[in-house]
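As a plain string of letters, each chain reads:
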Amino acid sequence: RKAIFGITLVVPYNLTAFSNMPEQSSRTILHANERKTDGTKLREVVFLDSPLMSSYLVAFCIGEFDFLQSQTKSGVLLRVYTPPGNSATGQFALDCAVKALDVYDEFFGVPYPLPKLDMVGVPEFAMGAMENWGLVVYRQTDLLIDPEMASDAQKQRVCTVVTHELAHQWFGNLVTMGWWNDLWLNEGFASWAENYAADIIFPKWGMWDQFTTGHLSYAMKLDALKTSHPIQVPIAHAEEVEEVFDGISYCKGGSVVRMISAVLGPKAFQAGLAAYMKKFAYGNTSTTDLWNAWEESSGIPVGEMMASWTEQMGFPALRVVGEEWEVDKVRLTLEQSWFLSDGSEYENEEEAGKRWCIPIFTCTEAGTQADTTFLREKTVTIEVPLANEDGWVKLNAGQEVPMRVINTTAMNKRLAKGIKSKALPICDRAALLTDAYALVKAGQMAPEDLVRLLSSYTEEDEYIVWQGLSSV
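Residues numbered from 1 in each chain as written. Predicted model: local features only at pLDDT ≥ 70, side-chain atom pairs only at ≥ 80, totals over all residues. Heavy atoms only, no water.

### Focus on a nonpolar patch on the surface
Then comes step 1: Residues Ile-4, Leu-52 and Tyr-282 make up a contiguous nonpolar surface patch of roughly 270 Å² in combined accessible area.
Then comes step 2: Note on Ile-4: relative accessible area 53%, which makes it exposed. (Patch = residues over 30% accessible without salt bridge, like charges linked within 9 Å, V, L, I, M, F, W, Y side chains within 5 Å. Areas by Shrake-Rupley, 256 points an atom, 1.4 Å probe, with all protein chains shown as cover. Salt bridge = Lys/Arg side-chain N within 4 Å of Asp/Glu carboxyl O. Buried < 20%, exposed > 50% of the residue type's maximum accessible area, 1.4 Å probe, protein only.)

This is the structure we're talking about:
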């Protein structure tokens, strides 16, 4: 349920006070306590009423602050509040926030609905940040940096925390989950959006390549254990939600959003989100509402496909069990099973029979193939055109799907050509390594095949690929 909140604060006269909405009025009053009348000056600050919103988003700050400010293209006032004398440390975050709000205004098809947005750094704040509507609170180190002295890693951290929290202004604040079992709708989508916006603001960072060795890799490390849990978890009491603020909700959630974006294509993906935002603005939703919006924009049965990814824990391993190479094409037979990082045996038929609806993306020297095959049963056979008789094929092109791929020795030998020439994209070169290492540890790939694969990276000069190499 949501409500309209009207907030009035009475604060010491010399302190700054701000809340979710802009200040409506302010007046000076005299304070008289019970023991003495000392004439201490106080200030009563009245803020504009909020729109309909959830109570967990109500916030106010009182203290001594400096601030920087700017405006978006649509006229939204943004401020970054800093400790006195440190306003320059808020400039980088302010610049990121202005650009991010402009990106999201266009992407969601619904303008940011409040007249202002404040961001404030709080010492020793327990979390990285909290997305209160119109007043986002950050741990100081995740908001305030010296842009001249900060490393690229520090700048990326500040940028992605800002873009994550500002995505929540729509996905979570404007449209809110009906109950905590759909927490992943908030955090999974914001984890995807932080990379989407950061990639537009700083394209040289290669955020989606970094996603492969970052969010995706971390999610798969957690989700390959029998102690994992589904993205959608039943929550009986609100206190239980603390247990699912984890890498599954954030990183696997972001990974499946990235997967559905690749399946639908950017136009249908964005159109569905815009329709969803307009239909449920200031209201509450469930996961199925988002699936329905994407089904209407794409004509694809999204709910059927995504149930296997959000309602059961784990992810698949896709094994090549048959291959027929010809001069101009290859026919591959693929088989799926539940991947467990410790290589343990399945305990019952239910575990052995776990299935996912897997979109299979492929790429060759000619680029990513336009056709996508869906594997719903245990096996499927696909045919991929080749540029020449020595051509190679990479399954799970772009690492769009959270799964491991078990290539044959022959496939890895052919892929060595794409690795050495760098015709194989950066994220795919990195993913071949992370997949291979995980498969060797699980007993599903011969160690000598991993060693042969490593020998193909003799001229590698990309940081993301070296992240993959260093993990082996």
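### Some words on the pattern of salt bridges
A side chain of one charge can pair with a side chain of the opposite charge if their charged atoms are brought near each other.
Then comes step 1: According to the stated counting rule, one finds 17 salt bridges in the structure shown.
Then comes step 2: Lys-116 is the salt-bridge partner of Asp-118, the closest N and O atoms lying 2.7 Å from each other.
Then comes step 3: For Lys-116, a relative accessible area of 7% translates into the label buried.
Then comes step 4: A salt bridge links Asp-449 to Arg-452; its shortest N-O distance comes to 2.6 Å. Separated by 3 residues within a single helix, Asp-449 and Arg-452 lie in helix α12 (residues 447-454), roughly one turn from each other.
Then comes step 5: Overlapping salt bridges bring together Glu-324, Glu-326, Lys-329, Arg-331 and Glu-383 as one network. (Helix = DSSP H or I, 4+ residues; strand = E, 2+ residues; numbered from the N terminus.)

### Regarding helix α3 (residues 183-201)
Think of an α-helix as 3.6 residues a turn; residues three or four steps apart then line up on the same face.
Then comes step 1: Over its 19 residues, α3 runs 27 Å from end to end, which matches the ideal 27 Å to within 8%, given 1.5 Å per residue.
Then comes step 2: α3 sits mainly inside the fold: 16 of its 19 residues count as buried. (Expected span 1.5 Å × (residues − 1).)

### A closer look at the packing of α3 against helix α5 (residues 247-264)
Then comes step 1: Put simply, α3 and α5 touch, their axes get as near as 7 Å, and they point 70° apart. The orientation of α3 with respect to α5, classified from their angle, is roughly perpendicular. The way α3 lies across α5 gives a crossing that is right-handed. For the pair α3 and α5, contact is made by Leu-183, Trp-184, Glu-187, Gly-188, Phe-189, Ser-191 and Trp-192 and by Ser-249, Tyr-250, Gly-253, Gly-254, Val-256, Val-257, Arg-258 and Ser-261, respectively.
Then comes step 2: Its residues placed into classes, the contact of α3 with α5 shows 7 nonpolar, 6 polar and 2 charged. (Axes fitted to C-alpha atoms, helices over the stretch in contact; angles between N-to-C directions. Parallel < 35°, antiparallel > 145°, perpendicular 65-115°, else oblique. Left-handed = near helix turned anticlockwise from the far one by under 90°. Contact = heavy atoms within 4.5 Å. Nonpolar A, V, L, I, M, F, W, Y, C, P; charged D, E, K, R; others polar.)

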